[in-house]
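Examining the three-dimensional arrangement
Below are the chains, spelled out letter by letter.
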Amino acid sequence: MSRRILDGKAVAARVRAEVATAAAALAARGISPTLAVVLVGDDPASAVYVRSKTKAAIEVGVVPRDHRLPAATTQAELLALIDRLNADPSVDGILVQLPLPAHLDTDAVIAALDPAKDVDGLHPMSLGRLAQGKPTVVPCTPKGCMRLLGEAGVSLRGARAVVIGRSVLVGRPMALLLANADATVTICHSRTRDLAQELARAEIVIAAVGRPEMIRGADLAAGATVIDVGINRRPDGSLVGDVAFAETEHVGAISPVPGGVGPLTIACLLENTVEAAARRRAS
Ligand code: NDP
C-alpha cells in the first residue's frame, strides 16, 4: 500500500470554513468575535506571523485588533495593556506573539491573561485543564495535529504514540491530547537514551524538535502515521521538516512540510477565538 500524504492545507480550509460559519452565527446576534494581537518589538519573523494571522482572521469574520509596542516596552507597560484587554468586553481573544524581547518575563505575561481569552491555550489554567483531561482552550499546533489525525481516520485508542519534543508550546500538550484520546504515549527529548528504539515500535510519531530531517526513514516503522511539526529553514530559504520526507515511502501516512501542520495552526487559533467568543458571550 502506498503512503498517504496528509494534506494540512485542505483540512485547514475546512476548519476555516467551519469557523466562518460560527463567526457568521455570532454576527447574526450582533457579536463581532474580536482577536487582540499584541506584538512587542520588530522581530521580522514575528511581524510576518502577525500579518498572516490578521489576514486569516479577516477572511473568516474574526475582527483583528493590532497592538504594536516598541521593543523597549517595559513589563509594567505590557501588563497594563493585558489588563486593559482583559477588562474590555469587546475583546474575545488575546494573542501575545512570542518570543517576547529578552527583558520581558514571558511566563508572567501569559499568566496575566484572562484564561477565558487565552486563545493560544498557554495559560497555566488552560494547560492544567488539559492535564486534568478536561480541556478548555487547547494550544493551536497540537490541536491542529489532532484534527489532522482525526480527518485521516487514524485510530488512537491503545495505539503506541511517540512524541519527540516536550516544549510547553507543542510536545507536552500534544502528549496530553494523545493520552486523553486513549493512546499509549511516550515523550522523547534530547536526553532520551535510545530514540531509534522508541521510534521502531511507534505506530504514531509526532516530530516537534526543530532539527532539519533529524528523523530518517529507517527510524520509522512500516505503516506508521507521521506528523511532522518541524519548520526548519534551509540556507536556500526553503522549508524542511524534522523528518526526511523523501525516505518515508514505507510509512502509512505523513504530513508534509510545508503544507502539513503549519496551515492548521492559524486555523485552530481562529477556531479558539470563535469558541472563546461563543463561551464568553453565551450568557
Ligand atoms: P523547542 O525548541 O521548544 O523544543 C524542541 C524539543 O525537541 C525539546 O523538547 C528538545 O528536548 C527536543 N530535542 C532537541 N534535540 C533533540 C534530539 N536530538 N533528540 C530528541 N529530542 C530533541 O521547539 P518547539 O516545540 O517550539 O518547536 C518544535 C518545532 O516545531 C520547531 O521546528 C518549530 O519551528 C516547529 N513549530 C511549528 C509550528 C507549526 O505551526 N507547524 C508551531 C510551533 C512550532 P529538551 O527538552 O531535552 O531540550
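Quick note: structure is the one above.
Residues numbered from 1 in each chain as written. Predicted model: local features only at pLDDT ≥ 70, side-chain atom pairs only at ≥ 80, totals over all residues. Heavy atoms only, no water.

Before going further, it helps to examine the site of the ligand. Lining the immediate environment of the ligand, one finds 21 residues, of which Arg-166, Ser-167, Ser-190, Gly-210 and Thr-265 sit closest. Note that a nitrogen atom of the ligand is positioned 3.2 Å from one of the side-chain N or O atoms of Arg-211. At a separation of 3.1 Å, an oxygen atom of the ligand approaches a polar backbone atom of Ile-231. Coverage of the ligand by the protein amounts to 70% of the 930 Å² it exposes when considered alone. Tallying contributions element by element places helix H9 (residues 261-280) first for the shell around the ligand, with three residues. (Near = heavy atom within 4 Å. Polar contact = N/O pair within 3.5 Å; in protein donor to acceptor, adjacent residues only side chain to side chain. Areas by Shrake-Rupley, 256 points an atom, 1.4 Å probe, with all protein chains shown as cover. Helix = DSSP H or I, 4+ residues; strand = E, 2+ residues; numbered from the N terminus.)

Before going further, it helps to examine the packing of helix H6 (residues 140-151) against H9. Here H6 crosses H9 at 110°, and the two axes come no closer than 8 Å. As summarised for this structure, H6 and H9 are arranged roughly perpendicular, according to the angle between their axes. For the pair H6 and H9, the contacting residues are Cys-140, Thr-141, Lys-143, Gly-144, Cys-145, Arg-147 and Leu-148 in the first and Val-261, Leu-264, Thr-265, Cys-268, Leu-269, Glu-271, Asn-272 and Glu-275 in the second. When grouped by side-chain class, the residues that make up the contact of H6 with H9 number seven nonpolar, four polar and four charged. (Axes fitted to C-alpha atoms, helices over the stretch in contact; angles between N-to-C directions. Parallel < 35°, antiparallel > 145°, perpendicular 65-115°, else oblique. Contact = heavy atoms within 4.5 Å. Nonpolar A, V, L, I, M, F, W, Y, C, P; charged D, E, K, R; others polar.)

Before going further, it helps to spend a moment on helix H5 (residues 124-131). Here H5 has its buried residues at Ser-126, Leu-127 and Leu-130. In an axial view of H5, the angular spread of the buried residues amounts to 95°, which keeps them on one side of the axis. In this structure, H5 carries Pro-124 and Ala-131 as exposed residues pointing more than 90 degrees from its buried face. In this structure, the buried residues of H5 make contact with helix H7 (171-180). The positive-phi residue at the C-terminal boundary of H5 is Gly-133, with phi of around 80°. (Buried < 20%, exposed > 50% of the residue type's maximum accessible area, 1.4 Å probe, protein only. Arc of directions from axis to C-beta.)

Overall, the coordinates contain 14 salt bridges when judged by the stated rule. Between Arg-216 and Glu-247 there is a salt bridge, and its shortest N-O distance comes to 2.4 Å. Taken together, the residues span a long stretch of sequence, with Arg-216 in the loop between strand E7 (204-207) and strand E8 (225-228) and Glu-247 in the loop between strand E10 (239-240) and strand E11 (253-254) at a distance of 31 residues. Among the ionic contacts, a cluster of salt bridges with common partners joins Arg-14, Glu-18, Arg-147 and Glu-151. (Salt bridge = Lys/Arg side-chain N within 4 Å of Asp/Glu carboxyl O.)

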